Amino acid sequence: MAADTTAPQPPLLEGRGLTRTYPMGDSEVAALRGVDFRIDMGENVAIIGPSGSGKSTLLHILGLLDRPSAGQYLFAGVDTDTLDDDRLAVLRNRAIGFVFQSFNLVSGESALENVASPLVYAGVKRKERLERAAEALVRVGLSDRMHHDPSQLSGGQRQRVAIARAVVTQPAVVLADEPTGNLDSSSSSEVFELLERLHGEGLTLVTITHDPRIADRAGRIVSVEDGRIVGADRPALDDERAFAPHDDARPGFVVPPAGLDAIGLGDGS
């Protein structure tokens, strides 16, 4: 049954009372304590907080790399707790792109092969994989580095390869965990300008950062401390586009309608 496109659109990402605890000896340590949040399609959100605040745990839950111990995490209106591990893996592959501080590129494989790797798990045929990977590398300004090994690239170039890999699946959201943490100030600025440009094309972007200069360039800042979101979310920029879905999102980014029909997961039943 087709999704009702006239129905109110749910948040892309929504947490309700999220708690995450980990065993430590005979006791438990709480990394998240009853967190509530929502991130709408088209937003550019920075999550900040000191080490040990719970922001990385929150990002892992947002990226379906971990499950909450209690509470609900909804993706496009669907409670992810209703999805088994296989369906979560499909959702993670098709709808979420990741950018990590340490790049996580495979040495011995070209930039092109690294970017194409998520499409292997999506079942895309080799010819199309390489074509889409090449297009993604062109978008990040690395058309002349497609066949280079990561060891032959600068830190900024490696992170741009990682960004190309994150967007090659045409995701609804990119989650960036300290994407400029291993870069000098010049490369950091170039990488975040690239992420801003992709956001301007319709991509939802969530960035974890310690750097207030990076956070202040986001559309909204969420502060995490001791496993809780502290204070009200505050805008970093006076830019209405940072808070509204992009009606003019460029083709190539999958923005799911209500539910997950767009990526073949239905309503999770």
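A.B. asks: Could you clarify how one ought to interpret the environment of Ile 221 in this entry?
C.D. replies: Among the secondary structure elements, Ile 221 is positioned in strand E9 (residues 220-225). Considering only alpha carbons, one finds Ile 221 and Thr 207, 14 residues apart in sequence, at a separation of 9.6 Å.

A.B. asks: What is the right way to read helix H6 (residues 185-200) from this model?
C.D. replies: Here H6 spans 22 Å end to end across 16 residues, near enough to the 22 Å set by a 1.5 Å rise per residue. All of the buried residues along H6 are Ser 187, Ser 188, Val 191, Phe 192, Leu 194, Leu 195, Leu 198 and His 199. Along the axis of H6, the buried residues cluster in a sector spanning 150 degrees; they form a single face. For H6, the elements touching its buried residues are strand E3 (44-48), helix H4 (126-139), helix H5 (155-167), strand E8 (204-208) and helix H7 (212-215). The N-capping residue of H6, defined by a side-chain oxygen 3.3 Å from the backbone nitrogen of Ser 186, is Asp 184. Among the residues trailing H6, Gly 202 stands out with phi positive, at a value near 120 degrees.

A.B. asks: When you look at the side chain of Thr 19 in this model, what are you seeing that I'm missing?
C.D. replies: With respect to the helices and strands, Thr 19 occurs in strand E1 (residues 13-24). A distance of 3.2 Å separates a polar side-chain atom of Thr 19 from the backbone nitrogen of Gly 34. When sequence neighbours within four positions are dropped, the list of residues in contact with Thr 19 reads Leu 32, Arg 33, Gly 34, Pro 68, Ser 69 and Ala 70.

A.B. asks: Before we go on, may I ask you to explain the pairing of E8 in this structure?
C.D. replies: For a regular strand, the rule is simple: side chains alternate between the two faces of the sheet. Of all five residues making up E8, five are buried, and the element is well covered by its neighbours. Along E8, one buried face is formed by Thr 204, Val 206 and Ile 208 and the opposite face, lined by Leu 205 and Thr 207, is buried too. Pairing between E3 and E8: four bridges, direction parallel. Directly across from Ala 46, in E8, lies its bridge partner Thr 207. In this sheet, E8 lies alongside strand E7 (residues 173-177) in parallel orientation, the contact comprising five bridges. Its bridge partner being in E8, Ala 176 is matched across the sheet by Thr 207. What joins E7 to E8 is H6, and the crossover it makes is right-handed.

A.B. asks: How should the packing of helix H3 (residues 111-121) against H5 be read in this particular structure?
C.D. replies: Working note: a packed helix pair is described by the angle between its axes plus the distance between those axes. Contact geometry of H3 with H5 gives a least axis separation of 7 Å together with a crossing angle of 30 degrees. It follows from the interaxial angle that H3 and H5 lie roughly parallel. Considering the relative orientation of H3 and H5, their crossing is right-handed. On H5, the residues that touch Ala 111, Asn 114, Val 115, Ser 117 and Pro 118 of H3 are Val 161, Ala 164 and Arg 165. Of the residues belonging to the contact of H3 with H5, the class tally is five nonpolar, two polar and one charged.

A.B. asks: What is the right way to look at the environment of Asp 216 in this model?
C.D. replies: With respect to the helices, strands and loops of the structure, Asp 216 is situated in the loop between H7 and E9. Distance in space between the C-alpha atoms of Asp 216 and Ala 46 is 8.2 Å, their sequence separation being 170 residues.

A.B. asks: What am I meant to see in the pairing of E9 here?
C.D. replies: Pairing between E3 and E9: four bridges, direction parallel. The residue bridging Ile 48 from the neighbouring strand is Ser 223, located in E9. Bridge count between E9 and strand E10 (residues 228-229): two bridges; the pairing is antiparallel. Pairing of Val 224 across the sheet is with Ile 229, part of E10.

Thresholds applied
Residues numbered from 1 in each chain as written. Predicted model: local features only at pLDDT ≥ 70, side-chain atom pairs only at ≥ 80, totals over all residues. Heavy atoms only, no water. Helix = DSSP H or I, 4+ residues; strand = E, 2+ residues; numbered from the N terminus. Expected span 1.5 Å × (residues − 1). Buried < 20%, exposed > 50% of the residue type's maximum accessible area, 1.4 Å probe, protein only. Arc of directions from axis to C-beta. Contact = heavy atoms within 4.5 Å. Polar contact = N/O pair within 3.5 Å; in protein donor to acceptor, adjacent residues only side chain to side chain. Pairing = 2+ DSSP bridges. Right-handed = clockwise from strand over helix to strand, strands pointing away. Axes fitted to C-alpha atoms, helices over the stretch in contact; angles between N-to-C directions. Parallel < 35°, antiparallel > 145°, perpendicular 65-115°, else oblique. Left-handed = near helix turned anticlockwise from the far one by under 90°. Nonpolar A, V, L, I, M, F, W, Y, C, P; charged D, E, K, R; others polar.

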